[in-house]
Amino acid sequence: MSKFLHTMIRVGNLDRSVKFYTDLLDMKELRRRDVPDGKYTLAFLGYGEGNAEGQGEIELTYNYGVDKYEQGNAFGHLAVGLPDVAAACEKVRAGGGKVTREAGPVKFGTTIIAFVEDPDGYKIELIQR
């Protein structure tokens, strides 16, 4: 059986990024793996319980000594389904995060969306479910 497992993004400060996703978007840190010989640490976050069926995860990769990455223009965004997008925007803002598009209906539609950025500048679409 095939299934989607995770999306990996590189981060400049693992603790700061984990704090953003767990405190402001209510994800859980599911597992962490430090690889000193490879000089990197992985943290897997999500809403499921340890890669639960149908639950994709985010793999945050911290490479020792790298505190910033240049973002290319090919990557679009991560998308997260939440019950109240406006409340999520307020939580992100109150936690010092950046809201780049306020909650409201998608252009030419009725689905409520918003966009926020994580501490490394990755865009996250919040979709009301």
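The present account deals with the structure reproduced in this document. Because the structure is predicted, anything quoted here is derived from the model rather than measured.

Re the packing of aromatic side chains
Phase 1 of the analysis: In this structure the tally under the stated criterion is three aromatic pairs.
Phase 2 of the analysis: For the ring pair F75 and Y122, a centre distance of 5.8 Å and an interplane angle of 85 degrees mean the geometry is edge-to-face. Pair noted here: F75 is in the loop between β4 (57–63) and β5 (78–82) and Y122 is in the loop between β7 (112–117) and β8 (123–128), with a separation of 47 residues, a long-range link.
Phase 3 of the analysis: With a relative accessible area of 37%, F75 lands in the partly exposed category.
Phase 4 of the analysis: Residue Y122 is classed as buried on the basis of its relative accessible area, which comes to 9%.
Phase 5 of the analysis: The aromatic ring of F44 is capped on one face by R31, whose charged end is 4.2 Å from the ring centroid.

A closer look at helix α1 (residues 14–24)
Phase 1 of the analysis: Those residues of α1 not exposed but buried are L14, S17, V18, F20, Y21, T22 and L24.
Phase 2 of the analysis: Between the side-chain oxygen of the N-cap and the backbone nitrogen of D15 there are 3.2 Å, and the N-cap of α1 in question is N13.

Some details on the sheet that holds strand β1 (residues 6–10)
Phase 1 of the analysis: Taken in spatial order, the four strands of this open sheet run β1-β4-β3-β2, and their pairing is mixed. Two strands close off the open sheet at either side, each with one partner strand: β1 and β2 (28–35). Mean inter-strand twist for the sheet, computed between neighbouring axes without regard to direction, equals 20 degrees.
Phase 2 of the analysis: Where β2 and strand β3 (residues 40–46) come together, seven bridges link them in antiparallel fashion.

A word on the side chain of T61
Phase 1 of the analysis: Relative to the assigned elements, T61 resides in strand β4.
Phase 2 of the analysis: Apart from the residues within four sequence positions on either side, T61 is in contact with M8, I9, R10, V11, T41 and L42.

Observations concerning the pattern of salt bridges
Phase 1 of the analysis: In this structure the tally under the stated criterion is 10 salt bridges.
Phase 2 of the analysis: Of the charged contacts, one joins R32 and D15 as a salt bridge, the two residues approaching to 3.6 Å between their closest N and O atoms. Of the two residues, R32 is situated in strand β2 and D15 in helix α1; the sequence distance between them amounts to 17 residues.
Phase 3 of the analysis: For R32, a relative accessible area of 40% gives the class partly exposed.
Phase 4 of the analysis: We note a salt bridge from K98 to E117, for which the minimum N-O separation is 3.9 Å. One end of the pair, K98, is in strand β6 (residues 98–105); the other, E117, is in strand β7, and 19 residues separate them in sequence.
Phase 5 of the analysis: Judged by its relative accessible area of 15%, E117 is buried.
Phase 6 of the analysis: Connected through salt bridges with shared partners, the residues D15, E29 and R32 form a single ionic network.

Observations regarding the pairing of β8
Remark: a regular strand shows side chains that alternate across the two faces of the sheet.
Phase 1 of the analysis: In the sheet, β5 pairs with β8 via five bridges, with the strands oriented parallel. Paired with A79 across the bridge in β8 is E125.
Phase 2 of the analysis: Where β7 and β8 come together, five bridges link them in antiparallel fashion. Across the sheet, residue I113 finds its bridge partner in β8, namely I127.

Cut-off values and rules
For every chain, the first residue of the written sequence is number 1, and numbering continues from 1 along that sequence. The model is predicted, so local features are restricted to residues of pLDDT at least 70 and side-chain atom pairs to those at 80 or more, both for listing and for counting; the totals for chains, interfaces and linings are taken over all residues. Working from all heavy atoms in the structure, the side-chain values ignore hydrogens and water. Planes of paired rings set the category: under 30 degrees apart is stacked, over 60 is edge-to-face and the rest tilted, where pairs are Phe, Tyr or Trp rings (Trp by its six-membered ring) whose centres lie within 6.5 Å. Strands are runs of DSSP state E lasting at least 2 residues, helices are runs of H or I lasting at least 4, and numbering of each runs from the N terminus. Partly exposed residues are those whose accessible area sits between 20% and 50% of the maximum for their type, while under 20% is buried and over 50% is exposed, using a 1.4 Å probe and protein chains only. In this scheme, Lys NZ or Arg CZ marks a charge over a ring once it lies within 6 Å of the ring centre and within 35 degrees of the ring normal. Think of a polar contact as two N or O atoms within 3.5 Å of one another; within protein, one of them needs to be a possible hydrogen donor and the other a possible acceptor, and neighboring residues in sequence only count if both atoms come from side chains. Paired strands, as defined in this entry, are two strands with at least two bridges between them according to DSSP. Inter-axis angles, ranging from 0 to 180 degrees, are taken between N-to-C directions of lines fitted to C-alpha atoms, where helices are fitted over the stretch in contact. Any two residues whose heavy atoms approach within 4.5 Å are treated as being in contact. Salt bridges are defined by distance alone: a side-chain nitrogen of Lys or Arg within 4 Å of a carboxyl oxygen of Asp or Glu.

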